[in-house]
Amino acid sequence: MNQSHLDDIGRRIGSAAAEFAPASKPTPRQTADAASVLRDMLQAAAIHGVTFGNFDAVADFPRLALQLVQARDADA
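Note that the structure is predicted; figures quoted are calculated from it, not measured. (Residues numbered from 1 in each chain as written. Predicted model: local features only at pLDDT ≥ 70, side-chain atom pairs only at ≥ 80, totals over all residues. Heavy atoms only, no water.)

### Observations concerning the overall build of the protein
- Secondary structure assignment for the protein yields four helices and zero strands.
- Counting from the amino terminus, the protein carries its helices and strands in the arrangement α-α-α-α.
- The C-alpha radius of gyration of the protein comes to 12 Å, within 12% of the 11 Å expected for a compact globule of 76 residues.
- In terms of overall dimensions, the protein has a C-alpha envelope of 35 × 25 × 20 Å along the principal axes.
- Per-residue burial for the protein yields a buried fraction of 28% across its 76 residues.
- Partitioning the intrachain contacts of the protein with sequence separation of at least 6 by distance along the chain shows that 71% fall at a separation of at least 24.
- Within the structure as shown, the protein displays about 4700 Å² of accessible surface, and the carbon and sulfur contribution to it stands at 58%. (Helix = DSSP H or I, 4+ residues; strand = E, 2+ residues; numbered from the N terminus. Rg over C-alpha atoms; globule rule 2.2 N^0.38 Å. Buried < 20%, exposed > 50% of the residue type's maximum accessible area, 1.4 Å probe, protein only. Contact = heavy atoms within 4.5 Å. Areas by Shrake-Rupley, 256 points an atom, 1.4 Å probe, with all protein chains shown as cover.)

### Overview of the nonpolar core
- I13, L38 and L66 are the most contacted members of the largest nonpolar core, which has 15 residues in total.
- Of all the secondary-structure elements, those providing two or more residues to this core are α1 (3–18), α2 (28–46), α3 (52–58) and α4 (61–75).
- If sequence neighbours within four positions are ignored, L38 has contacts with I9, I13, F52, F61, P62 and A65. (Core = buried A, V, L, I, M, F, W, Y, C linked by side-chain atoms within 4.5 Å.)

### Some thoughts on the pattern of salt bridges
- Taken as a whole, this structure holds eight salt bridges when the rule is applied.
- Note that R29 is salt-bridged to D73, the shortest N-O span being 4.0 Å. Highlighted residues: R29 in helix α2 and D73 in helix α4, separated in sequence by 44 residues.
- Of the residues examined, R29 reaches a relative accessible area of 52% and is grouped as exposed.
- With a closest N to O distance of 2.9 Å, D40 and R39 form a salt bridge. (Salt bridge = Lys/Arg side-chain N within 4 Å of Asp/Glu carboxyl O.)

Next up, the structure:
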């Protein structure tokens, strides 16, 4: 994964975070954690030839990564 890919992940996570309603807006830590989760998912999926474009064809994974981290924090 190169810097361009990391920048794209950061941009997409930031965009998704901005779409949340004020009451449910992710914290900066959650946003950073979600970017890491998404990066790791993409790296793992790349072994199988899966790209970000494939992820995009199925769901809004940046938003899902944010929701996943928020669910983790709600369970804590």
